[in-house]
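# Understanding the architecture of this molecule
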Amino acid sequence: MDAPYHTCTVQQPRATLGRIHILLHFSAILGLLYYRIKHLLHGDVPIISWGLITFAELIFTLIWLVTQSFRWRPVARSIRPENLPAETELPGVDVFICTADPTKEPVVEVMNTVLSAMSLDYPPEKLAVYLSDDGGAAVTLYAVKEACGFAKVWVPFVRKYGIKTICPDAFFSSFGDDERLMAMGRNEFKNEEENIKAAYEVLKKNVEKANSVEGPVRMDRPPYTEVIHDNKESKFPLLVYMSRERRPSRPHRFKAGALNALLRVSGVMSNAPYMLVLDCDMYCNDPSSAKQAMCFHLDQNISTTLSYVQFPQTFYNVSKNDIYDAQSRSAYKNKYQGMDGVGGTICAGTGYYLKKEALYGSPINQHDMTSLFLKAQSQYKWESLLYQSEESLQEAEQKFGASRKFINSVNSLNDPKIGKEILCDEIIDEAKTLASCTYEENTSWGKEIGYSYNSLLESSYTGYLLHSKGWKSVYLYPKRPCFLGCSTIDMKDALVQLMKWASGLVQVGFSKYSPLTYGFMSRMPLVQNMCYAYFMFSHFLSIPCFLYGIVPPLCFLIGTPVFPKVTSPWFALFTTIFLSSLAEHLYEVLSSGGNLRTWWNEQRIWIIKTVTACLFGCLDVLMKWLGVAKANFRLTNKAIDEEKLRKYEKGKFDFQGAKLFMVPLTFLVVFNVVCFIFGMKRLVSERNFEEIFGQGFLSFYCLVLSYPILEGLVSKKDK
């Protein structure tokens, strides 16, 4: 029996405690709903205020129910790369890096991502790096050529000394101090390091100089593909620059279109069966990530249905006092592990190794594929099939387009006997055709083939469709982050990013591919489908949060009770639910390496984001549905502002540029302040403490959570 490549362990204490909590907490919620509905039916309470609160609590309950799917079976995975086959037997990997605007995505940072990808600890003849430039910027093409020249000294250097910090900028910063100190004792290291650092400084200077004179992004341009380095002649990865065609009169398809173009271009060049997708600011931090992913992809027990291996997004610029929850602890340390245990986690959009054939069909039923694809014996492999009729060729062209070279590449995707194409002028011309605007017309690209065009969250939505077809995925959280990126450090960028995600996910939730309909009837496990339902509908928590921010404070102001008396047993039920929710969150934070400050920051930013970005994301979908607005890709600014960075590191909220987002939250805060002050005055005069305590306490708790907003309003007034 072959030695295992990986292990999967159910986090039993966490799963057991989670299930016990689900049972107890849900019993309390049922009691709460019984109390509400009973009084509403009897008509002995204010109908409007109680009706609104009951409606809010019903939404809270539904979202809470689907959230429990993450707690049902959390798993932890470990890998054993030492058991992998020899490097000569490893499959090829294509690395896809997408950039769109050199003004928002610093070119030097993009080149660091490219250099880190070229430095992966993987057979260089089986590694190819593709840079897609949707801005068509001359500076990006110039920079990648400069980076290629530097890579010829950088890559041998990191391999010679076994350096793990393979991003040059990180290695020459404080992040690489430990490795440099460890290598100092080795002969010739210091001299080599100084020479390479000098070469890197020249690279940075040249790129920054070119960037300073760069013109605007060209929105009207032909396709362009250039092989920056061919790996046929030297032990060095293939490096390709691609700028797909862009015309104002043609749909652009944003990142999904870029990834599909990369699929086709790589198919006629390197044609690796696996691909790594990276955001341009998410550099490789561990050279062994490809081999870690192969520990799953090469396991015959799971490989037939495994579509991708997802790594967490980890950020190097997150401060200890992470006021914006930039690390997304809840997602990457709790939800993703829980989702992994029930069929596979959502695709995060970066840092995942995907099997290309997953984008071309189903792992179980091949009837929807063309006759070009055959299942070989009991193994899941693609085999070449000679064109025996014009009909079979037309069927293939209807799906994949008119390029026979690309169709042949799909046929031979997993055939190690077929070598790579010689990168001659004919192949370059073919690549340009595959990157043109018109190539996808009347084909299945963006529908049945490749990344889907039905959502701006191309990777998450495509991952959802893969799971619906029966594909699985795994989530690996190694001790050393395999990928590191730059997170948002101010309120505006954080809210813009969340609004984009909310809008994209809600749009899918109300489409024909909703988890409530399409997902429920698909091959996806029910619990996994509930996880997707959470991602797509949890943004509607903005509605009950908004109602809870208005109704109880208003009732506190006018003296109308909406919660039981303090002396009533029902009040103990409400208190239990409140404390149970806080305790559940606190346990998850502490068990995942957080502390009380982490817990408090997450409580606070959750409220802020829910009634701002999530609310605007839902409104954005409504406006698109009404035809008031159209789909628009919002590129997150990756450039670092030193002043914003200082505020973030000091734990001070920066609301600059986020005025529109803050309108609903500012209204709620001011409204709560007024209601609380005059409500307390009424409480003192009427002494109805038992009846009004519930909403008074809730209003006070909301004000404590909203302290940063109050502080921002006061400081703004002072200025």
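Residues numbered from 1 in each chain as written. Predicted model: local features only at pLDDT ≥ 70, side-chain atom pairs only at ≥ 80, totals over all residues. Heavy atoms only, no water.

A separate point is the UniProt feature "transmembrane region" (unreviewed entry) in the protein chain. Mapped onto the present numbering, the UniProt feature "transmembrane region" (unreviewed entry) falls at residues 16–35, 47–67, 531–550, 570–587, 660–680 and 692–710. Along residues 531–550 the backbone is 80% helical and 0% strand, and the end-to-end C-alpha distance reaches 30 Å. (UniProt positions renumbered as here; feature names shortened; annotations may be inferred. Helix = DSSP H or I, 4+ residues; strand = E, 2+ residues; numbered from the N terminus.)

The next subject is helix α4 (residues 138–161). Taking 1.5 Å of rise per residue, 24 residues should cover 34 Å, and α4 covers 34 Å from first to last C-alpha, within 8% of that figure. Maximal helix bending in α4 amounts to about 40 degrees, located at Ala151. Downstream of α4 by a residue or two, Gly162 has a phi angle that is positive, lying close to 60 degrees. (Expected span 1.5 Å × (residues − 1). Bend = angle between axes of the 7 residues up to and from the residue.)

With that out of the way, let us pick up the sheet that holds strand β12 (residues 472–475). A sheet is described by the order of its strands in space; here eight strands give the open sequence β5-β6-β4-β3-β7-β11-β9-β12, paired in mixed fashion. The strands lining the two open edges of the sheet, one partner per strand, are β5 (224–229) and β12. Across this sheet, the average inter-strand angle for adjacent strands is 20 degrees, counted without regard to direction. Packing of α4 onto the sheet brings it into contact with β3 (93–99), β4 (127–133), β5 and β6 (238–243), and relative to β5 it is tilted by some 15 degrees. Of the strands in this sheet, β9 (306–310) and β12 are in contact with helix α10 (residues 329–340), which crosses β12 at around 145 degrees. (Pairing = 2+ DSSP bridges. Axes fitted to C-alpha atoms, helices over the stretch in contact; angles between N-to-C directions. Contact = heavy atoms within 4.5 Å.)

Turning our attention to the domain arrangement of the protein chain. According to the domain assignment, the protein chain consists of domain 1 (90–363 + 417–472) and domain 2 (364–412). Residue-level contacts link 25 residues of domain 1 with 20 residues of domain 2. Buried area between domain 1 and domain 2, summed over both chains or domains, comes out near 1900 Å², and the portion from carbon and sulfur atoms is 55%. Per-residue buried area on domain 1 facing domain 2 is highest for Glu357, Tyr360 and Ser362; these three make up 25% of the total on that side. Summed over the shared surface of domain 1 and domain 2, the result is two salt bridges. (Domains from an automatic or database assignment. Buried area = accessible area lost by both parts, 1.4 Å probe. Salt bridge = Lys/Arg side-chain N within 4 Å of Asp/Glu carboxyl O.)

By size, the foremost hydrophobic cluster in this structure holds 70 residues, and its most contacted members are Tyr130, Met269, Tyr360 and Tyr451. No other element matches the nine residues that helix α8 (residues 254–269) contributes to this core. Built from parts of two domains, this core gets at least three residues from each of domain 1 (90–363 + 417–472) and domain 2 (364–412). Listed in part, the 68 residues of the second largest apolar core include Leu90, Val139, Cys148 and Phe172. (Core = buried A, V, L, I, M, F, W, Y, C linked by side-chain atoms within 4.5 Å. Buried < 20%, exposed > 50% of the residue type's maximum accessible area, 1.4 Å probe, protein only.)

Evaluated as defined, the whole model comprises 26 salt bridges. When the shortest N-O distance is used, the salt bridge between Asp620 and Lys624 registers 3.0 Å. With Asp620 and Lys624 both in helix α20 (residues 596–626), this residue pair falls four residues apart, about one helical turn. Each member of the pair, Asp620 together with Lys624, is buried. Residues joined in a network through salt bridges with shared partners are Arg71, Glu584 and Glu588.

Considering the arrangement of structural elements, one finds Tyr548 in helix α18 (residues 542–558). Judged by its relative accessible area of 16%, Tyr548 is buried. Separated by twelve residues in the primary sequence, Tyr548 and Thr560 place their C-alpha atoms 14 Å from one another. Excluding its chain neighbours within four sequence positions, the residues that come into contact with Tyr548 are Arg36, Ile53, Ala56, Glu57, Phe60, Pro553, Phe563 and Leu698.

Averaged over every residue, the pLDDT of the protein chain is 88; residues scoring 70 or more account for 91%. Predicted confidence in the protein chain is weakest over helix α24 (residues 707–718), with a mean pLDDT of 66, and strongest over strand β11 (residues 352–355), with 98. Every residue in residues 365–388 is under pLDDT 50, and counting partners more than four places away or in other chains gives 52 contacts. (pLDDT = per-residue confidence, 0-100.)

Let us look at a nonpolar patch on the surface. A cluster of nonpolar side chains, namely Leu619, Leu622, Met623, Trp625, Leu626 and Val628, defines an oily patch on the protein surface of about 650 Å² accessible area. If you trace the backbone, Met623 turns up in helix α20. (Patch = residues over 30% accessible without salt bridge, like charges linked within 9 Å, V, L, I, M, F, W, Y side chains within 5 Å. Areas by Shrake-Rupley, 256 points an atom, 1.4 Å probe, with all protein chains shown as cover.)

Mapped onto the present numbering, the UniProt feature "binding site: UDP-alpha-D-glucose" (unreviewed entry) falls at Lys104, Glu105 and Asp134. A maximum C-alpha distance of 12.7 Å among these annotated residues, which run over 31 residues, shows that they cluster at one spot. Positionally, Glu105 belongs in the loop between β3 and α3 (107–118). Looking at Glu105, its side chain comes within polar contact range of the main-chain nitrogen of Ala100, at 2.8 Å. Among the secondary structure elements, Asp134 is positioned in the loop between β4 and α4. Judged by its relative accessible area of 7%, Asp134 falls in the buried class. Ignoring sequence-local partners within four residues, the contact set of Asp134 consists of Thr99, Ala100, Arg221, Arg244, Arg246, His252, Phe254 and Ala258. (Polar contact = N/O pair within 3.5 Å; in protein donor to acceptor, adjacent residues only side chain to side chain.)

Residues of helix α13 (residues 425–434) that are buried: Ile427, Ile428, Glu430, Ala431 and Leu434. Seen from one end, α13 has its buried residues packed into an arc of 160 degrees, which puts them on one side. On its buried face, α13 sits against β5, α8 and α12 (404–411). (Arc of directions from axis to C-beta.)

So, on to the pairing of β6. Of all six residues making up β6, six are buried, and the element is well covered by its neighbours. Side chains of β6 alternate between two faces, with Leu238, Val240 and Met242 and Leu239, Tyr241 and Ser243 buried alike. In this structure, β4 lies alongside β6, joined through five bridges in parallel fashion. Bridge assignment links Ser132 to a residue of β6, and that residue is Met242. Looking at chain direction, β5 and β6 are connected through five bridges and run antiparallel. Across the sheet, residue Glu226 finds its bridge partner in β6, namely Tyr241.

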